[in-house]
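# Structural characterization, general
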Amino acid sequence: MIAGIILLAISCSCSGNKQKSIELNSEADLSGLTLSTAVGNYYEHKFSKRSDVKVFAAATQADALQAIRQGLADVFVADDIEVPERTLKDLGLKVAFYGEDLFEVAYCVKKGNTELAGQFNTFLASIPVQDIIEHWTKDGPQVPDPNAGQIKNTQPLRCAVCANLDPVCYVGEGGEWMGLTPDLLTRFANYLGRPIEIMLQDLGGALTAVQTGQVDMVGGNIFITEERKTFVDFTDSYYLCHPVFVVADHGKRAHIGIGERFRMNLIKENRWKLITDGFVETIKITVLAILIGTILGMGVCAALRSRRRWVRSAAGLYGSFIQGTPTLVLLLIMFYVVFASSGLSASSVAIITFAFSFASSAGNIFNSSISTVPVGQTEAGLSLGFTPFKTFTGIVLPQALRHGLPLYAGDCVKLLQSTSIVGYIAIQDLTRASDLIRSRTFDALIPLLIITIIYFVLAWLIRKLLNLLLIRK
């Protein structure tokens, strides 16, 4: 059945959608069309106000561009720097027209951090910005960095980027961040004599991170707006951009075979390393969260079975809070509020969050499993002279495991699946790895198919190992 679904997905993907070209000359011609763009950006807010235009807000710019190829939208809009001609030609797309708006692009720093903003402005005035821009947008010659390798301060410059599209920002062959935004940030870090740390976050998360001090700067084609000025400070503008409206160029999209698609998504630029790195991160978070959550779950179980009413009530309240709060919301609260100033890494916060979430369900499973064992079993053990500990471990626990282990295995699988949301706090797990690949290849099938198989195998292994444990016991 699984093989059939995979073959169906491949056949549907290879068949493609044939669209007729749309001729547009201005924004007035957008009436009655579906327009795709990234969620949360300026264009979504602008065109959502028009009743005659339907907006398809995708998670990323790459997904929004992909929506044109899949026939989910008629027009794609973004900044002109984000869709170079070479990319459009490869995808069978073309520029319909350029908008008349003109936007200043800059970097963000924490409100009141005039020192860092001033240092960046001084740095910006000392480098050939236009030559660097042309290197990334028009394949111009590379501009050497005179400050490269001059690390004087061990404190890293922590930067968030909220664009994931060539040539603004993308992951290169060696797994390092490439593009105009990382280039300028790296040059600035070298200018300060500091190492650099770059993480990918959505625009909303990145702006929150710089406000809470989790990162020092945010970049990625961010417009200077009066509304944003109330929350963050901007550096001097380094680029002026126009909006560009893109449509399908009928008949210009080349067909790519399934073998070439695998090579493009895995072999080219060593993109398989993104999958392996994401796999290791997913396994680390899952295993540690299960181990810590299981220990905490034992405490929750003990509290639920306590003779003290207030202890049982506290444990019940804790369980109700965890069950009533979406895991994503809990993760964001822990990262942006509870541990915002703690200095903990995003992975550590994710492990703690999932452990607390898992402890609630594990505690309930342990409690209900123990409750299925008749009280007479305990009384019989004590009457035979066993200690309470030996009675529990030798008589009650084996019977409780038989009832609770299948449910416990199911919760372990759910935790594994839940880790797919850690990309919201800039962790490169399996799901985020597929996003990074799709932003380079614009092929949704192969990356998603690969991580689907990996998640399925991991879930099967968890259930298999725990079932073996149950049989052995």
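That block above? That's the structure.
Now for a look at the structure at hand. Here the structure is a predicted model, which means the values were calculated and not measured.

Conventions adopted
Per chain, the residues get numbers from 1 upward, laid out in the order the sequence is written. Per-residue local features of the predicted model are confined to residues with pLDDT of at least 70, and side-chain atom pairs are confined, for both listing and counting, to 80 or more; whole-chain, interface and lining totals are unaffected and use all residues. Where side-chain values are given, they derive from all heavy atoms of the structure, hydrogens and water being excluded. Only protein chains enter the calculation, and the probe is 1.4 Å; a residue is then buried if its accessible area is under 20% of its type maximum, exposed if over 50%, and partly exposed in between. For helices the rule is a DSSP run of H or I covering at least 4 residues; for strands it is a run of E covering at least 2, with both sets numbered from the N terminus onward. Strands were regarded as paired on the criterion that DSSP finds at least two bridges between them. What counts as a salt bridge is simple: a side-chain nitrogen of Lys or Arg found within 4 Å of a carboxyl oxygen of Asp or Glu. A fitted line through C-alpha atoms represents every axis, and for helices the fit uses only the stretch in contact; the resulting angles, taken between N-to-C directions, go from 0 to 180 degrees. Ring pairs shown here join Phe, Tyr and Trp side chains whose ring centres sit within 6.5 Å, with only the six-membered ring taken for Trp; geometry is labelled stacked below 30 degrees between planes, edge-to-face above 60, and tilted in between. When an angle is under 35 degrees it counts as roughly parallel; over 145 it counts as roughly antiparallel; between 65 and 115 it counts as roughly perpendicular; any other value is oblique. Crossing handedness is read from the near helix: turned anticlockwise from the far helix by less than a right angle, it gives a left-handed crossing, and turned clockwise, a right-handed one. Residues are treated as being in contact if the distance between any of their heavy atoms lies within 4.5 Å. Think of a nonpolar core as a cluster: buried Ala, Val, Leu, Ile, Met, Phe, Trp, Tyr and Cys residues, connected wherever their side-chain atoms sit within 4.5 Å. Here a polar contact is taken to be a pair of N or O atoms separated by no more than 3.5 Å, where protein atoms must pair a possible hydrogen donor with a possible acceptor and residues adjacent in sequence count only if both atoms sit in side chains. Multiply 1.5 Å by the residue count of a helix minus one, and that product is the helix's expected span. Lys, Arg, Asp and Glu make up the charged group, whereas Ala, Val, Leu, Ile, Met, Phe, Trp, Tyr, Cys and Pro make up the nonpolar group; the residues left over, Gly among them, are polar. Throughout, the arc means that of the directions going from the helix axis to the C-beta atoms.

The next point concerns the pairing of strand β6 (residues 157-161). Of all five residues that make up β6, four are buried, and the element is covered over most of its length. Here β6 runs beside strand β9 (residues 196-200); their pairing, made up of five bridges, is parallel. The residue bridging Cys 159 from the neighbouring strand is Ile 198, located in β9. Summarising the sheet, β6 and strand β10 (residues 217-223) pair through three bridges and their orientation is parallel. The residue of β10 that forms the bridge with Ala 160 is Val 218.

What follows concerns the pattern of salt bridges. In the structure shown here, the tally under the stated rule is 18 salt bridges. Close ionic contact of Arg 187 with Asp 183 constitutes a salt bridge, the shortest N to O distance being 2.8 Å. You can see Arg 187 and its partner Asp 183 sitting in helix α7 (residues 180-192), four residues apart, about one turn around the helix. The class for Arg 187 is buried, based on a relative accessible area of 6%. In this structure, Arg 271 and Glu 269 form a salt bridge, with 3.1 Å as the shortest nitrogen-oxygen distance.

All right, on to the sheet that holds strand β2 (residues 54-58) then. Sheet architecture is open: five strands sit in the order β2-β1-β3-β13-β4, paired in mixed fashion. Bordering the open sheet on either side are β2 and β4 (93-98), each of which pairs with just one other strand. For this sheet, the mean inter-axis angle between neighbouring strands, taken without regard to orientation, is 30°. Bridge count between β4 and strand β13 (residues 243-248): five bridges; the pairing is antiparallel. Among the inter-strand pairings, Phe 97 is bridged to a residue of β13, identified as Phe 245.

What follows covers the packing of aromatic side chains. Taken as a whole and judged by the stated rule, the model has 18 aromatic pairs. Where Phe 120 meets Phe 123, the ring centres are 5.6 Å apart and the plane angle is 55°; that geometry is what we call tilted. Of the two residues, Phe 120 and Phe 123 both sit in helix α5 (residues 114-125), three residues apart, roughly one turn of that helix. With respect to burial, Phe 120 and Phe 123 carry one shared label: buried. Each ring, one from Phe 358 and one from Tyr 408, has its centre 5.6 Å from the other, and the planes form 70°; the classification is edge-to-face. Residue Phe 358 is found in helix α14 (residues 346-371), and its partner Tyr 408 is found in helix α16 (residues 388-418); the two are separated by 50 residues along the sequence. Overall, Tyr 408 belongs to the buried group, its relative accessible area being 11%. Here the aromatic cluster, defined as three or more aromatic residues joined through ring pairs, consists of Tyr 107, Phe 120, Phe 123, Phe 188, Tyr 191 and Tyr 238.

What follows deals with the packing of helix α13 (residues 327-338) against α14. Two numbers describe how α13 lies on α14: the axes approach to 9 Å, and their chain directions differ by 135°. For the element pair α13 / α14, the angle class is oblique. Where α13 crosses over α14, the handedness of that crossing is right-handed. Contacts between α13 and α14 pair Thr 327, Leu 330, Leu 331, Met 334 and Phe 335 from the former with Ala 346, Val 349, Ala 350, Ile 352, Thr 353, Phe 354, Phe 356 and Ser 357 from the latter.

With that settled, the discussion passes to the nonpolar core. Ranked by size, the top nonpolar core spans 109 residues in total, and within it Met 217, Val 218, Tyr 238 and Ile 275 carry the most contacts. Per-element tally for this core: the top contributor is helix α18 (residues 445-472), with 10 residues. Ignoring any residue separated from it by four or fewer positions in sequence, one finds Tyr 238 in contact with Val 105, Ala 106, Tyr 107, Leu 124, Val 129, Ile 133, Leu 180, Thr 181, Leu 184 and Asn 221. Within the second largest apolar cluster, 18 residues are counted, among which are Ala 73, Leu 93, Val 244 and Ala 248.

This next bit is on the environment of Thr 325. Mapped onto the secondary structure, Thr 325 falls in the loop between α12 (309-324) and α13. Take Thr 325: its relative accessible area is 16%, and that puts it in the buried class. For Thr 325, the side chain forms a polar contact with the main-chain oxygen of Phe 321, separated by 2.7 Å.

Look at helix α17 (residues 430-441): 17 Å from first C-alpha to last across 12 residues, which is about the 16 Å you get at 1.5 Å a residue. For α17, a buried count of 10 out of 12 residues is recorded, marking the element as mostly surrounded by other parts of the structure. Restricting attention to buried positions, one finds in α17 the residues Leu 430, Arg 432, Ala 433, Ser 434, Leu 436, Ile 437, Arg 438, Ser 439, Arg 440 and Thr 441. Backbone geometry just downstream of α17 places Phe 442 in the positive-phi region, at approximately 60°.

Another aspect to go through is the packing of helix α6 (residues 129-137) against α7. At a minimum axis distance of 10 Å, the contact between α6 and α7 shows a crossing angle of 145°. You can see that α6 and α7 cross each other, and the crossing is right-handed. Residue-level inspection shows Ile 132, Ile 133 and Trp 136 of α6 in contact with α7, the latter providing Leu 180, Asp 183, Leu 184 and Arg 187. Here the contact of α6 with α7 is composed, by residue class, of five nonpolar, no polar and two charged.

Looking now at the side chain of Gln 66. Considering the arrangement of structural elements, one finds Gln 66 in helix α3 (residues 61-69). Among all residues touching Gln 66, those that are not within four sequence positions of it are Phe 442 and Ala 444.

Note that an α-helix has 3.6 residues per turn; residues three or four places apart therefore point the same way. Burial in α6 covers these residues: Val 129, Ile 132, Ile 133, His 135 and Trp 136. Along the axis of α6, the buried positions cluster into a sector of 155°, meaning they face one direction only. Tucked into the core, α6 has its buried residues touching α4 (85-91), α5, β7 (170-171), β8 (177-178), α7 and β12 (239-241). One or two residues past the end of α6 sits Asp 139, with phi positive at roughly 55°.

Attention shifts here to the environment of Phe 76. Within the fold, Phe 76 resides in strand β3 (residues 75-79). Overall, the relative accessible area of 0% leaves Phe 76 in the buried class. It is 37 Å that separates the C-alpha atoms of Phe 76 and Pro 156, two residues lying 80 residues apart in sequence. Discounting residues that sit within four places of it in the chain, Phe 76 has contacts with Ser 36, Gln 61, Ala 64, Leu 65, Ile 68, Val 83, Val 244, Phe 245 and Val 246.

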